[in-house]
Amino acid sequence: MRKLLISLIAALGFSGSQAAEFIPNVEINKKTIQALIDAGSDPNKPHPLEHHFNCYSPDSLKDLIAKGESLGYRAANIGDNVHEGTHYWYGDLIKEAALDIKTINNETYLMLKLANKFSADYDGWGTPVVE
C-alpha cells in the first residue's frame, strides 16, 4: 500500500493550477523522487510517468491527448465526471522516463506548456515504484 501512495505524492504539489500560474515545482519533484527511491524504486530504471490533466470541454481534452500522442506519449485513464456541478474531462499522458530531477523537471515543464495551450489543468505526475 505504501508504494501506491508514493506514486501519488507528486500530484499534491500541483493541485490543478493553470500552467501560466507557475513553473515546475522543483522541490516537490525532488521530494517525490526521494520518496520513490526510499520506497525501493531503482532510479536507473525507466519509470512510466503518468501526467494527469483535467479539461472543461471534451474537445480540449481530445486536442491535448492528440498533441501528447504526437510527442510520443500514450493516453490512458480517459473519462469525464461532474464535481459540485462542474462537468470536466480527464486523462493521462504516459511516457517512460528516467527518475532524475532534470528529466522530471523537463517533463513537468512540457506538461505545463501543454496544459496552458489547451486550457487544461495539469494535476501533477505519478509513477509506481520500479525495482
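Coordinates for the structure precede this section.
Residues numbered from 1 in each chain as written. Predicted model: local features only at pLDDT ≥ 70, side-chain atom pairs only at ≥ 80, totals over all residues. Heavy atoms only, no water.

Caption draft 1: Molecular detail of helix α5 (residues 101-117). End to end, α5 covers 24 Å across 17 residues, agreeing with the expected 24 Å (1.5 Å per residue, within 8%). Capping the start of α5 is the job of one residue whose side-chain oxygen sits 3.2 Å from the backbone nitrogen of K102: D100. Phi for S119, located one or two positions after α5, is positive at around 50 degrees. (Helix = DSSP H or I, 4+ residues; strand = E, 2+ residues; numbered from the N terminus. Expected span 1.5 Å × (residues − 1). Polar contact = N/O pair within 3.5 Å; in protein donor to acceptor, adjacent residues only side chain to side chain.)

Caption draft 2: Quick look at the packing of helix α3 (residues 26-38) against α5. With their axes 10 Å apart at the nearest point, α3 and α5 run at an angle of 130 degrees to one another. Viewed along their axes, α3 and α5 adopt a mutual orientation that is oblique. Of the two elements, α3 crosses α5, and the hand of that crossing is right-handed. Together, V26, N29, K30 and I33 of α3 and I101, I104, N105 and T108 of α5 make up the contact between the two elements. (Axes fitted to C-alpha atoms, helices over the stretch in contact; angles between N-to-C directions. Parallel < 35°, antiparallel > 145°, perpendicular 65-115°, else oblique. Left-handed = near helix turned anticlockwise from the far one by under 90°. Contact = heavy atoms within 4.5 Å.)

Caption draft 3: Spotlight on the sheet that holds strand β3 (residues 86-97). With antiparallel pairing, four strands are arranged side by side in an open sheet as β2-β3-β1-β4. A strand with exactly one partner marks an edge of an open sheet, and here the two such strands are β2 (74-83) and β4 (120-126). On average, each strand axis in the sheet is inclined to that of its neighbour by 20 degrees, with strand direction left out of account. The pairing of β2 with β3 spans eight bridges and is classified as antiparallel. Opposite H83, over in β3, you have T86 as the bridge partner. On top of the sheet, α5 reaches β1 (47-55), β3 and β4; it is set at about 160 degrees to β4, its chief contact. (Pairing = 2+ DSSP bridges.)

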